[in-house]
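# Structural description and commentary
Here is how the chains run, residue by residue.
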Amino acid sequence: MSRKTHSLSAAALIAATSLTFASAETSGAFAQDSDVESILAENAGNAEAAVSEETMPVFVAEEVVQQVPEEAAEELQTEIASAASLHELVAKTDKGFSLSEEMQCLAGAVYFESRGEPLDGQLAVAQVVINRAESARFPSSYCGVVYQRAQFSFVKNGSMPRIRTGSNAWKRAKAIARIAHEGQWDSEAGDSLYFHAKYVRPSWSRKKVARATINTHIFYR
């Protein structure tokens, strides 16, 4: 994929061709001119054939996105299509996978903000983090959103508390984060960018449009 690879291939070809001609000139001291011409023609043909058989690197000007293997993608779509509920989809989702730093932040927000909520409430919290990351009004990454100053009460001094990674609550949070990130299930929160618990009434909520109320949380656009 790099220009360096292309340059090395060209250099190798020139070196091989130079070596071929040098060999022909050396043997020419003991052969007739016609034999030298024959040898040169034959070796040039071999070098050309080698170039045509070589798999040259392909340069792509645009960003390349690695695709999920077709069989794996089809299997995933089958699981999503066959899930009759979010609960069933969470149950079918692999929970033993490792998390990137960004996904750790997303799952952490679900864990600390809503682990006691029903699954649709947990999905709604994840959706808010994703919506914020996609909005120009907030940081452009999950971690940026979660660690933005004075936004999530569980963040203390710029750090996330310790997570009980062996708990079922964390396993569910990981599954919810993956489902939300991959858009496998629509959230009732829709395009919400804010939420708060029902037992508080922050002043900003009067200026927002309520999108959904899920258990103890109200979600706003």
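Residues numbered from 1 in each chain as written. Predicted model: local features only at pLDDT ≥ 70, side-chain atom pairs only at ≥ 80, totals over all residues. Heavy atoms only, no water.

Looking now at unusual backbone geometry. Unlike most non-glycine residues, Ala-150 shows phi in positive territory, near 60°. Within the secondary structure, Ala-150 is located in the loop between α7 (142-146) and α8 (168-181). The exposure class of Ala-150 is exposed, given its relative accessible area of 75%. (Helix = DSSP H or I, 4+ residues; strand = E, 2+ residues; numbered from the N terminus. Buried < 20%, exposed > 50% of the residue type's maximum accessible area, 1.4 Å probe, protein only.)

Counting through the fold element by element, Ile-163 comes out in the loop between α7 and α8. Considered as a pair, Ile-163 and Phe-112 are 51 residues apart in the sequence and their alpha carbons are 8.6 Å apart. Discounting residues that sit within four places of it in the chain, Ile-163 has contacts with Gln-104, Gly-108, Tyr-111, Phe-112 and Trp-170. (Contact = heavy atoms within 4.5 Å.)

Taken as a whole, the largest pocket holds about 380 Å³ of empty space. Looking at the largest pocket, it is lined by 18 residues, and the ones nearest its centre are Glu-113, Gln-151, Phe-195, His-196 and Ala-197. Here the lining of the largest pocket takes four residues from strand β1 (residues 194-197), the largest share from any one element. Looking at side-chain class alone, the lining of the largest pocket contains 11 nonpolar, five polar and two charged residues. (1 Å grid on protein atoms, 1.4 Å probe; cavity = no way out; pocket = protein on both sides within 12 Å on 5 of 7 lines; lining within 4 Å. Points joined across faces, edges and corners; volume = space filled by probe spheres on them. Nonpolar A, V, L, I, M, F, W, Y, C, P; charged D, E, K, R; others polar.)

Glancing now at the state of the cysteines. On inspection of all chains with the given rule, the structure shows one disulfide. The partner cysteine of Cys-105 in its disulfide is Cys-143, sulfur to sulfur 2.1 Å. Residues Cys-105 and Cys-143 are joined through a disulfide that is right-handed, its torsion about the S-S bond being 95°. With Cys-105 in helix α5 (residues 101-114) and Cys-143 in helix α7, the pair connects residues that are 38 residues apart, well separated along the chain. (Disulfide = S-S within 2.5 Å.)

Counted according to the given criterion, the structure contains four salt bridges. Taking the shortest distance from any N to any O, the salt bridge between Arg-178 and Glu-182 comes out at 3.4 Å. By relative accessible area, Arg-178 is classed as partly exposed at 26%. We classify Glu-182 as partly exposed; its relative accessible area is 39%. (Salt bridge = Lys/Arg side-chain N within 4 Å of Asp/Glu carboxyl O.)

That's the geometry; what it means functionally is another story.
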